[in-house]
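# Structure assessment
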Amino acid sequence: MTLSRTRRLAGMLAAVLALAALSAGVHWGVMVAGGSDSYGYVSQAGLWRQGSLVVQEDVIGRSPWPLAAATWTPLGYRPAPGRSDAIVPMYAPGLPLLMAFFQTFGGFCGAFLVVPLSGALTVWLTYALGRRVFDGPGIALWGAALVATSPVFLYQLMNAMSDVPVTAAWTLALLLAVMRRPIAAGLAMSATIAIRPNLAPLALVLLGWSALVEWRDRGGRAAVVSALGLATGMAPGIVGIAWLNATLYGSPWTSGYGTTADLYSLRFGAANLRHYAVWMGDVETPAVALAALYFMAPRWFPPARIAHARLLLGGAMACVIASYVFYRPFDVWWYLRFLLPMWPVMMLLTAAALEAIARRSMRAAYPVAIATMAGLLAWHGLSVAANRSVFDLGRGERRYVDVARFIDSHTPPDAVILSVQHSGSLRIYAGRLTLKYDVLDPVWLDRTVDYLQSVGRRPYFVLDGGEVDAFRQRFGVLNRTGALDWPPLATLGSIVAVYDPIDRRPGSSPLAIARTRAPRGKALCDPPHSWPPLLRMK
């Protein structure tokens, strides 16, 4: 087969992988604004479409308990600094703005297309970047396949979160920089910063590498022009985030999560390095460590098609790791998602290392050897994803809609639902005001229930999973309703329980909340109770 035909075939296979990622994200993905992240992003998209990110909640000022603003703030939001009667989104604006754009054409459900499309783009961009950096299409294709079948990538492909979109934006910035299109690369970097502001240091990698290459090839003037082009493209993202932070949170340096000191600490480094190393070996296999050979044994590899490739690729990976190694640690494997922006580079370098090893040891048979090794790694990735229920995420997250539909039909419209995990989804799918009990003073539960009843707001508790035990521990000793010593009003299997603290009948049997399947036909997702979100809640 000629080289041109090989390249065409590789390009077609890469396109098939990208389309497969898109199909998987739509078919198995979570099309529900349920937990903190998905509710926060989707609801913020609705606020952007209305032109205001501030939600006024009149009920805050009338509430007599401590930290009232925090209790009336659902997941994904925080009390507005400097105001006692409003809340604002926690999350960066990049993904919500993309969702709002897609909602312009696809309605509410358009928001859930952003991540699957970003996944397809990530796979294709990995291939395109590999073609620009390495000679021959093999490394590019196998790198794209390793990204497409990575358990971490697939896990995030199923969730309406920012990890896959920011990976697509950053990989596009890398590709455009390699293509020597500085303004376009800067704009892609702007999108990266808008989606994930703490990745802003990656801009220095692009600036440094581009200036160095231009200086070498065309002189100092070209280096300055390239740097100015990149900076011009990056400016909207940097300035926009600084302005939004100052407007919503009081300072350009404060995000919705808090200050840098709230999120980062040197003492987190050891735990994060241990977690990332263990998870990487467990989920992606130790084979990805072969990517280090590109830097440790440069003579094994043919020259790259771009100058200073190791500086660019190594700098990109190191910068992503540095952005999270001192970040507040988490103890679940899918938090490898923080490092997902380096996956395209890491998988391309893994594929390059596999080819180098195969070429040295197998000689003429090396194409078959690398195809076999890459295929085995891809199969392992899909198996791990299936074993860890990645392809069941969409079905499992439907509990948010099912519970909300029950609340909508079995509670009065002015009811108040005490909840944490469902504090956002009940607002968007049931139209009910929610109160987060985990920040309510432990001595105030009974008084809060009595107060809500006295003002005509019937209270209910909606507890998810371990929240039942947490609720009892927090309120059980000091409150008559805190022990939850009466049957629930309704249950969704053994996962969610709905309690009525006013009608505590000891002999009653819980109603069963119906489990539903994903919408079929033309509907991509379930419609919200009302849309867009209310800008004022009473």
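Residues numbered from 1 in each chain as written. Predicted model: local features only at pLDDT ≥ 70, side-chain atom pairs only at ≥ 80, totals over all residues. Heavy atoms only, no water.

So, about the state of the cysteines. Throughout the structure, instances matching the rule amount to 1 disulfide. Cys-109 shares a disulfide with Cys-525; S-S distance 1.9 Å. Disulfide Cys-109-Cys-525: torsion about the S-S bond near -95 degrees, hence left-handed. One end of the pair, Cys-109, is in the loop between helix 5 (94-106) and helix 6 (114-133); the other, Cys-525, is in the loop between strand 9 (511-512) and strand 10 (536-537), and 416 residues separate them in sequence. Assigned by exposure class, Cys-109 and Cys-525 land together as buried. (Disulfide = S-S within 2.5 Å. Helix = DSSP H or I, 4+ residues; strand = E, 2+ residues; numbered from the N terminus. Buried < 20%, exposed > 50% of the residue type's maximum accessible area, 1.4 Å probe, protein only.)

Another point: a nonpolar patch on the surface. On the surface, a cluster of nonpolar side chains totalling about 310 Å² of accessible area is made up of Val-443, Val-477 and Leu-478. Looking at the secondary structure, you find Val-477 in the loop between helix 23 (467-475) and strand 7 (490-492). (Patch = residues over 30% accessible without salt bridge, like charges linked within 9 Å, V, L, I, M, F, W, Y side chains within 5 Å. Areas by Shrake-Rupley, 256 points an atom, 1.4 Å probe, with all protein chains shown as cover. Salt bridge = Lys/Arg side-chain N within 4 Å of Asp/Glu carboxyl O.)

In this section: the sheet that holds strand 9. If you walk across this open sheet you meet the 6 strands as 5-4-6-8-7-9, and the pairing is mixed. Pairing within the sheet leaves two strands with one partner each, and these edge strands are strand 5 (433-435) and strand 9. Where strand 4 (residues 416-418) lies against strand 5, 3 bridges are found, and the strand directions are parallel. Residue pairing across strands places Leu-418 opposite Leu-435, the latter belonging to strand 5. Strands in contact with helix 22 (residues 445-454) are strand 4, strand 5 and strand 6 (459-464); relative to strand 6, the strand with the most contacts, it is inclined by about 135 degrees. Seen against the sheet, helix 23 touches strand 6 and strand 8 (496-499) and runs at an angle of roughly 125 degrees to strand 6. (Pairing = 2+ DSSP bridges. Contact = heavy atoms within 4.5 Å. Axes fitted to C-alpha atoms, helices over the stretch in contact; angles between N-to-C directions.)

Take the environment of Leu-125 next. Among the secondary structure elements, Leu-125 is positioned in helix 6. The class of Leu-125 is buried, set by a relative accessible area of 4%. Between the alpha carbons of Leu-125 and Ala-169 there is a distance of 9.6 Å; along the sequence they are 44 residues apart. Contact partners of Leu-125, with chain neighbours within four places excluded, come to Ala-168, Thr-171, Leu-172 and Leu-175.

On to helix 9 (residues 163-178). Relative to the 22 Å expected for 16 residues at 1.5 Å per residue, helix 9 spans 23 Å between its end C-alpha atoms, a close match to the ideal helical length. One or two residues past the end of helix 9 sits Arg-180, with phi positive at roughly 60 degrees. (Expected span 1.5 Å × (residues − 1).)

Before going further, it helps to spend a moment on the pairing of strand 8. Going residue by residue along strand 8, you find Val-496 and Val-498 tucked away on one face and Ala-497 and Tyr-499 tucked away on the opposite face as well. Bridge count for strand 6 against strand 8 is 4 bridges, and the pairing is antiparallel. Counterpart to Leu-463 in the pairing with strand 8 is Ala-497. Here strand 7 pairs with strand 8 via 3 bridges, running antiparallel. Paired with Leu-492 across the strands is Val-496, a residue of strand 8. The hairpin formed by strand 7 and strand 8 contains 3 residues between the paired strands, and Gly-493 there has a positive phi angle of roughly 60 degrees.

Interpretation in functional terms is not warranted from these geometric data alone.
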